[in-house]
Amino acid sequence: MGAVSVHEVSKSYGKTEALKRVSFDADAGEIFGIIGPDGAGKTTLFRILTTLLLPDGGQATVDGADVVKDYKRIRQEIGYMPGRFSLYQDLSVEENLEFFATIFNTTIQENYHLIEDIYKQIEPFKDRKAGKLSGGMKQKLALCCALIHKPRVLFLDEPTTGVDPVSRKEFWDMLAKLREQDISILVSTPYMDEASLCDRIAFIQEGRFLKIDTPAAIISQFGQELWAVEGDDMYTMLLDLRADPRVTSCFTFGESLHVTVREGTTTDQIKTYLTGKGHCNISVKVIEPTIEDCFMQITDDKANG
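Residues numbered from 1 in each chain as written. Predicted model: local features only at pLDDT ≥ 70, side-chain atom pairs only at ≥ 80, totals over all residues. Heavy atoms only, no water.

*Asks:* I keep staring at the overall build of the chain and nothing clicks. Help me out?
*Replies:* Of regular secondary structure, the chain possesses 10 helices and 14 strands. With the principal axes as the frame, the chain shows a C-alpha extent of 70 × 45 × 35 Å. Looking at the chain alone, contacts between residues at least 24 apart form 69% of all its contacts between residues at least 6 apart. With the model as given, the accessible surface of the chain reaches about 15300 Å², and the carbon-plus-sulfur share is 47%. The positive charge centre, built from 34 side chains, and the negative charge centre, built from 46, are 5 Å apart in the chain. (Helix = DSSP H or I, 4+ residues; strand = E, 2+ residues; numbered from the N terminus. Contact = heavy atoms within 4.5 Å. Areas by Shrake-Rupley, 256 points an atom, 1.4 Å probe, with all protein chains shown as cover. Lys, Arg positive; Asp, Glu negative; His and termini not counted. Charge placed at Lys NZ, Arg CZ, Asp CG, Glu CD.)

Below, the structure is given as structure tokens:
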């Protein structure tokens, strides 16, 4: 049985469709990532799956339990870490952890093995008020509280947003270890680089799932040669490349432009075109696509028909 099964779930807020007949299955014991920008519907989906919000249509189960009919059971068997820090700011680190253990009828000692590696990093601050912790420490405390009752499925809604790069890496290292404890993990993120750390991912945009597969499979399906183009005036170069009918896509990625072209177009042809437009110090090189390139390609394809 899968950890999570969703069939044509929809949700609207007034005239705004937050989720549009979303369907997917997350397997037991995997890290399933839901990748998309802010406002795509990630939080709405997580609130439905954690029984905090009723869907308008469709069905969903978590560990075999229906999110509407069996909400009490689900709340006992899942861990949920919302995007916004929601622990008690005026309680200490230790007091927050004891509180959450108590409401789930367990103790810190009983499931300490689940949180040991994480808690050791915040234990020196166990008497500090939660509201006084840094972003990375708040994140670690919230994860400990979500794990203290040994959930079967763990929901993490944008857990690394606003956290420094070192803490982000530490957090994903922790998730890899948790998977070894037979905990299924659903994690949402707007960071495309985190997608490669998941077993499978789903791209979400405007309330719809665009594609579901492993990161490696999605990259292998990119299907076009990708170029990184650089020059002195990047903004003007962006406009000029988009005006060239041989260019099929052109997006800004850091200090370069990622470009795809029609079959038969060569790098020398593009260099000659840009030189004729007055650009200097032009560099065009073939690169491997990333998950973000794939997301941009898929959303661009959807927008164009």
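Next comes the rest of the account.
*Asks:* Would you mind going over the layout of surface pockets with me for this structure?
*Replies:* Over the atoms a probe the size of a water molecule is rolled, and this reveals where empty space is left. Taken as a whole, the largest pocket spans an internal volume of roughly 620 Å³. Around the largest pocket sit 29 residues that line it, and Tyr-80, Met-81, Pro-82, Ser-86 and Leu-87 are the ones nearest its centre. Of all the secondary-structure elements, those providing two or more residues to the lining of the largest pocket are helix H2 (71-77), strand E6 (78-81), helix H3 (93-103) and helix H5 (135-147). It is H5 that contributes the most residues to the lining of the largest pocket, 6 residues altogether. (1 Å grid on protein atoms, 1.4 Å probe; cavity = no way out; pocket = protein on both sides within 12 Å on 5 of 7 lines; lining within 4 Å. Points joined across faces, edges and corners; volume = space filled by probe spheres on them.)

*Asks:* What is the right way to read the sheet that holds strand E8 (residues 184-189) from this model?
*Replies:* Sheet strands line up and pair through hydrogen bonds in the backbone, either parallel or antiparallel. Taken together, 6 strands build an open sheet; the order of strands is E6-E7-E8-E3-E9-E10 and the sheet is mixed. Two strands lie at the open edges of the sheet, namely E6 and strand E10 (208-213), each paired on one side alone. The mean angle between the axes of side-by-side strands here comes to 15°, regardless of whether they run parallel or antiparallel. By the bridge criterion, 4 bridges tie E6 to strand E7 (residues 153-157) in an arrangement that is parallel. Its bridge partner lying in E7, Met-81 is registered against Leu-156. Where helix H1 (residues 42-49) meets the sheet, its contacts fall on strand E3 (31-35), E6, E7, E8, strand E9 (200-205) and E10, and the angle it forms with E8 comes to roughly 150°. Each of E6 and E7 is contacted by H5, which is oriented at about 160° to E6, the strand it contacts most. (Pairing = 2+ DSSP bridges. Axes fitted to C-alpha atoms, helices over the stretch in contact; angles between N-to-C directions.)

*Asks:* Honestly, the pattern of salt bridges in this entry has me stumped. Any pointers?
*Replies:* Per the stated rule, a full pass over the model turns up 15 salt bridges. In this structure, Glu-170 and Lys-140 form a salt bridge, with 3.2 Å as the shortest nitrogen-oxygen distance. Taken together, the positions of Glu-170 in helix H6 (residues 165-179) and Lys-140 in helix H5 put the pair 30 residues apart, joining distant regions of the chain. Taking relative accessible area as the criterion, Lys-140 reaches 3% and is therefore assigned buried. Here the salt bridges share partners, and the residues they tie into one network are Asp-27, Glu-30 and Arg-200. (Salt bridge = Lys/Arg side-chain N within 4 Å of Asp/Glu carboxyl O. Buried < 20%, exposed > 50% of the residue type's maximum accessible area, 1.4 Å probe, protein only.)

*Asks:* Even after reading the chapter, I still don't get the sheet that holds strand E1 (residues 4-13), so can you show me in this structure?
*Replies:* Reading across the sheet, the 4 strands line up as E2-E1-E4-E5 and stay open at both edges, with antiparallel pairing between neighbours. Across the chains shown, the open sheet's two edge strands, defined by having one partner strand only, are strand E2 (16-26) and strand E5 (65-66). With 5 bridges joining them, E1 and strand E4 (residues 57-62) adopt antiparallel strand pairing. Bridging across to E4, Ser-5 finds its partner in Thr-61.

*Asks:* How do you make sense of H5 when you look at a structure like this?
*Replies:* Residue pairs spaced three or four apart in an α-helix point in one direction, given the helix's 3.6 residues per turn. The end-to-end C-alpha distance of H5 is 19 Å, a good match for the 18 Å that 13 residues give at a rise of 1.5 Å each. Here H5 lies mainly inside the structure; 11 of its 13 residues are buried. Among the residues of H5, Gly-136, Met-137, Gln-139, Lys-140, Leu-141, Ala-142, Leu-143, Cys-144, Cys-145, Ala-146 and Leu-147 are the ones counted as buried. (Expected span 1.5 Å × (residues − 1).)

*Asks:* What is the right way to look at the nonpolar core in this model?
*Replies:* Inside soluble globular proteins, nonpolar side chains tend to come together where they are buried. Counting 48 residues, the largest nonpolar core has Leu-143, Leu-154, Leu-156, Ile-185 and Phe-203 as its most contacted members. Among the elements that take part in this core, H5 stands out by supplying 8 residues, more than any other. Leave out the neighbours within four places in its chain, and Phe-203 touches Ile-35, Arg-208, Phe-209, Leu-210, Lys-211, Ile-218, Ile-291, Cys-294, Phe-295 and Ile-298. Core analysis: the second largest hydrophobic core is formed by 28 residues, Ala-3, Val-4, Val-22 and Ile-48 among them. (Core = buried A, V, L, I, M, F, W, Y, C linked by side-chain atoms within 4.5 Å.)

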